[in-house]
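# Structure at a glance
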Amino acid sequence: MMRFSRLALGLMAALVATPALAIDIDGKVNADEWQGATHVTDFKQVQPETLADAKFRTEAWYLPTPKGMAVAIRNYQPAEVKRTRTKSRRDEGGQYDRNNVFIDFDGNGVQAYEFTVSIANGLSDGVITGENQFREDWDGDVQHATSETDEYWDMEILIPWHVATMNKAKDGKRTIGVYFDRVIGATGERFAAPGISFNRTPFTSSFRKAEIPSYSQSLFAVTPYATALYDNIRNSGHYKAGADIYWKPSGQFQLSATVNPDFGQVESDGIVINFSADETFYGDKRPFFTENQGIYDFSLLNDNSQLFYTRRVGGRSDDGSGPAEIDAAAKINGAIGKLNYGVFAAQERGDGGRSYQALRTMYAMPTQTWGAMLTHVDRPFLDRDAFVYAVDHKWKPNDALSVNSTVAVSDIDDSGSSTRGNSVTSYLTWNPSKEWSHQLLGMYFDRDFDPNDMGYLGRNNMKWGHVQSRRTWSNFAHGSTVTSVNLSGRLFMGENMDGLRLNGGVRVQASGSLSDGGEYYSQYEHNLPRFDDRLTRGGHPLKMPGRDKINVEISGGRHGKWQPRIGVFAAGDALMGNDGWYWSAWTGAKYYFNDRVNLDVGVSVDDSPDALIWDHGNQVGRYRMRTAVVGSTFNWDMSARSDLRIKLEAVGLKAAGREWIDALPNGGYAALPGGPESFRLNQMGFQLRYRYELAPLSNLYVVYGRGGYSQFNDESNDHWSMLRDSRRLHNDEQLVVKVSYRFSN
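Read on for a plain summary of the structure. (Residues numbered from 1 in each chain as written. Predicted model: local features only at pLDDT ≥ 70, side-chain atom pairs only at ≥ 80, totals over all residues. Heavy atoms only, no water.)

With that settled, the discussion passes to the overall build of the chain. In terms of regular secondary structure, the chain is built from 3 helices and 41 strands. Over its C-alpha atoms the chain spans a radius of gyration of 27 Å, differing by no more than 12% from the 27 Å that the globule rule assigns to 745 residues. For the chain, the spread of C-alpha atoms along the three principal axes comes to 110 × 60 × 55 Å. Burial status across the chain gives 50% buried among its 745 residues. Total accessible area on the chain is roughly 32,900 Å²; 55% of this is exposed by carbon and sulfur atoms. In the chain, which carries 80 positive and 90 negative side-chain charges, the distance between the mean positions of the two groups comes to 3 Å. (Helix = DSSP H or I, 4+ residues; strand = E, 2+ residues; numbered from the N terminus. Rg over C-alpha atoms; globule rule 2.2 N^0.38 Å. Buried < 20%, exposed > 50% of the residue type's maximum accessible area, 1.4 Å probe, protein only. Areas by Shrake-Rupley, 256 points an atom, 1.4 Å probe, with all protein chains shown as cover. Lys, Arg positive; Asp, Glu negative; His and termini not counted. Charge placed at Lys NZ, Arg CZ, Asp CG, Glu CD.)

Below is the structure:
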């Protein structure tokens, strides 16, 4: 009898510790289901950043369960405030009502995961690193649903524990960071708990901390794929098959691997015409490289700089034969105590193929985070071996002050010749109040520092610094067209290792939000006289006069079925300075036929009286260049599982040759006999893409693409005629069918 009594007491205790009902992710917040959940009601207005109590009542609940973190948000909304229910493809932004759930599974501010669910049950997800750097190219397997009543709309989401690696729990508990918000699509207002804005740093470090039970969830998934491609120009077909493998036996270890991967893009890159010495940076949507990639983020502060630029892998082969085929790639992410780590390796095929390796570690403490990274690329065709060693450090003694620093060394053996380069970067951010923010930044890249075998750095041979202050106003009267103003001023200066000024001057920016949910941005910048030391690709630097730059952009909110945008930019051009102005203007609009169908159309025109194009050695051509660009995207969200996108982009360019110049050792230039030949070019890209979701993270794609490029050494047609003629371009035409299906436990 005593044994039976003990068993009964144990069962009763277990029932008390368990929620009354299992959470059913149906988009309807049921009070019985959410018994025992943490209830959050202190939402504050963070956009505009008044930090006043939320204008509309908002409540959130979160509850750790064996299947994952369950979150619900109830959004009260009076009838007079429009609900914007635009359907959206995965990871497609837009102006619609939505909830954001951000979770830092380790509670240390190093990395957080973003989950956005719209009122129409659309999903966007991504990773947040560096406090407020968002990457939308990660996709997680989550359950989500929404529902509406006249008084409010509800959102529920279940986030499995296996979406992320986590530090090992202590005594069956772990501390996480959570942040929830809602956005009113019609006005752009945002209400958050806790009341912090991602426009300021620190952000992820300031999430609300919560101690929760630790759950372990394993996952083994295999995603085989098959692709068939028909090339209509070359009258040939190509077939390929492979698989992605994902194994996560615990929260502290996960293995991702791909065998005979198909890294062909079903997302097309935009058209870029680049005559400069700077490499064009492209984002990545290839699933293997977006799966828990945040650990490898290592920024060098200079624009898109990073030590691991995933587009290198599978890029153009070193023998010039085209994009490299990849035999296999794998990465391991995990945690040992408070140490997070990532290991990556990939091998390309053929004589021009390369092998890549990377190791990343991060160790978080209460006020500091230390990290290290090692990358290695072996390029046998070029007889080149490249290593980069780097350390990063973040110090956050309080909520107002943070300092982020990096030190990196590149060590390259190129055909028996060794070079070693160094870099140091650091920036300090101080936010003494919600109105004021200050920043001090410094960067140093010596002339031999080269991380670009595996990473991306726009330029080396540079010392740069700036100091910036920003003031925010957000308490505007009700009915005001402008709802927030951010006014900032910056002093900046940069030079190369020879002491030549690369840039310097003052910048004033004004930006903010509008009452219709739109945004505006304006900037004035004065540049001191400077040198362009990259135009001649290692030749003599060319001295440029001082100039002014002006920029104004307005992205309007949605008005009925229309959402317009417009912008203008003007700057003193190249060698003419303020005696010859480069200008650019663009406009466009998105038209909503209904909540499922929309069309976005845009046009831009540029006019440069003094465009410089390098020819060879120290010889540079001066041109009068005019460009016109037209782009359109048609989106049809056909059902909850299928969508259709039609995308067209065309460019027409005309360059009238003016004169040849020779860059001189003193930075000046001399005119050369004759002049460069005028030329015109056009380029077009068209893609029709249909997607059907077979199951979560399993899709069927049917993609038709057509494009072309042409260039002529004359100026018989203007840039508008070239733009019209682009419809006849037909250098490439392909039909691709790809199917992938994820099998998991």
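Note: strand E36 (residues 642-663) against strand E37 (residues 669-672), 4 bridges, orientation antiparallel. Residue pairing across strands places Asp662 opposite Ala670, the latter belonging to E37. Linking E36 back to E37 in an antiparallel pair, the connection comprises 5 residues, with Gly667 at a positive phi of about 95°. (Pairing = 2+ DSSP bridges.)

The nonpolar side chains of soluble globular proteins are, as a tendency, buried together. Grouped together as the largest cluster of nonpolar side chains are 37 residues, with contacts concentrated most on Val101, Phe105, Ile157, Ile159 and Phe180. Among residues more than four places away in sequence, those in contact with Val101 are Val71, Ile73, Tyr113, Glu114, Phe115, Met155, Ile157, Ile159, Tyr179 and Phe180. Listed in part, the 32 residues of the second largest apolar core include Phe288, Leu300, Phe308 and Phe344. (Core = buried A, V, L, I, M, F, W, Y, C linked by side-chain atoms within 4.5 Å. Contact = heavy atoms within 4.5 Å.)

Before going further, it helps to examine the environment of Val703. Relative to the elements of secondary structure, Val703 occurs in strand E39 (residues 698-712). The exposure class assigned to Val703 is buried, which follows from its relative accessible area of 7%. With 41 residues separating them along the chain, Val703 and Ser744 place their C-alpha atoms 27 Å apart.

Turning next to the pattern of salt bridges. Side chains that differ in charge, positive against negative, can pair when their charged atoms come close. One pass over the structure, following the stated rule, counts 43 salt bridges. In this structure, Arg534 engages Asp278 in a salt bridge whose closest nitrogen and oxygen atoms are separated by 3.0 Å. Taken together, the residues Arg534 in the loop between strand E29 (530-532) and strand E30 (542-544) and Asp278 in the loop between strand E16 (253-259) and helix H2 (287-290) connect sequence positions 256 residues apart. Notably, a salt bridge pairs Asp411 with Arg420, separated by 2.9 Å at the nearest N-O pair. Exposure remark for Arg420: the relative accessible area of 52% places this residue in the exposed category. Linked through salt bridges whose partners overlap, the residues forming this network are Asp318, Glu348, Arg354, Arg379, Arg384, Asp414, Asp450 and Asp453. (Salt bridge = Lys/Arg side-chain N within 4 Å of Asp/Glu carboxyl O.)

The subject of this paragraph is the sheet that holds strand E9 (residues 143-148). As summarised here, the arrangement of the 5 strands in space is E1-E3-E4-E10-E9, forming an open sheet in which the pairing is antiparallel. Each having just a single partner strand, strand E1 (38-40) and E9 make up the two edges of the open sheet. Between one strand and the next, the sheet's axes are offset by a mean angle of 15°, whatever the strand orientation. The sheet contact formed by E9 and strand E10 (residues 152-159) spans 6 bridges and is antiparallel. (Axes fitted to C-alpha atoms, helices over the stretch in contact; angles between N-to-C directions.)

Turning our eyes to something else, we now look at the packing of aromatic side chains. Centre distance and the angle of the planes are the two values used to describe a pair of aromatic rings. What the rule picks out here adds up to 34 aromatic pairs. Judged by centre distance (6.1 Å) and plane angle (85°), the ring pair of Phe198 and Phe203 falls under edge-to-face. For Phe203, a relative accessible area of 0% gives the class buried. Chaining the aromatic ring pairs together yields one cluster made of Phe102, Phe134, Tyr179, Phe198, Phe203 and Phe207. Geometry around Tyr152 places Arg74 over its ring, the cationic atom sitting 3.9 Å from the centre. (Phe/Tyr/Trp six-rings, centres within 6.5 Å; stacked < 30°, edge-to-face > 60°. Lys NZ or Arg CZ within 6 Å of the ring centre and 35° of its normal.)

In this section: the side chain of Arg547. Within the fold, Arg547 resides in strand E31 (residues 547-555). Despite its burial, Arg547 remains without a salt bridge, the nearest opposite charge being carried by Asp573 at 5.5 Å. Apart from residues lying up to four places away in sequence, Arg547 is in contact with Glu525, His526, Asn527, Arg530, Ala571, Gly572, Gly577 and Asn578.

Once that is clear, we can look at unusual backbone geometry. Residue Pro48 is reached from Gln47 by a cis peptide bond, and omega for that bond is -5°. Relative to the helices and strands, Pro48 is located in the loop between strand E2 (44-47) and strand E3 (58-65). Note the cis peptide between Thr201 and Pro202, where omega equals 0°. By secondary structure assignment, the location of Pro202 is in the loop between strand E12 (190-193) and strand E13 (208-213).

This brings us to the environment of Ile103. Looking at the secondary structure, you find Ile103 in strand E5 (residues 98-104). Note on Ile103: relative accessible area 1%, which makes it buried. Along the backbone, Ile103 and Ile176 are 73 residues apart, and their C-alpha atoms lie at a distance of 7.2 Å. With near-sequence residues (within four places) excluded, Ile103 lies in contact with Met69, Ala112, Tyr113, Ile159, Gly177 and Phe207.

All we've got here are geometric facts, nothing functional implied.
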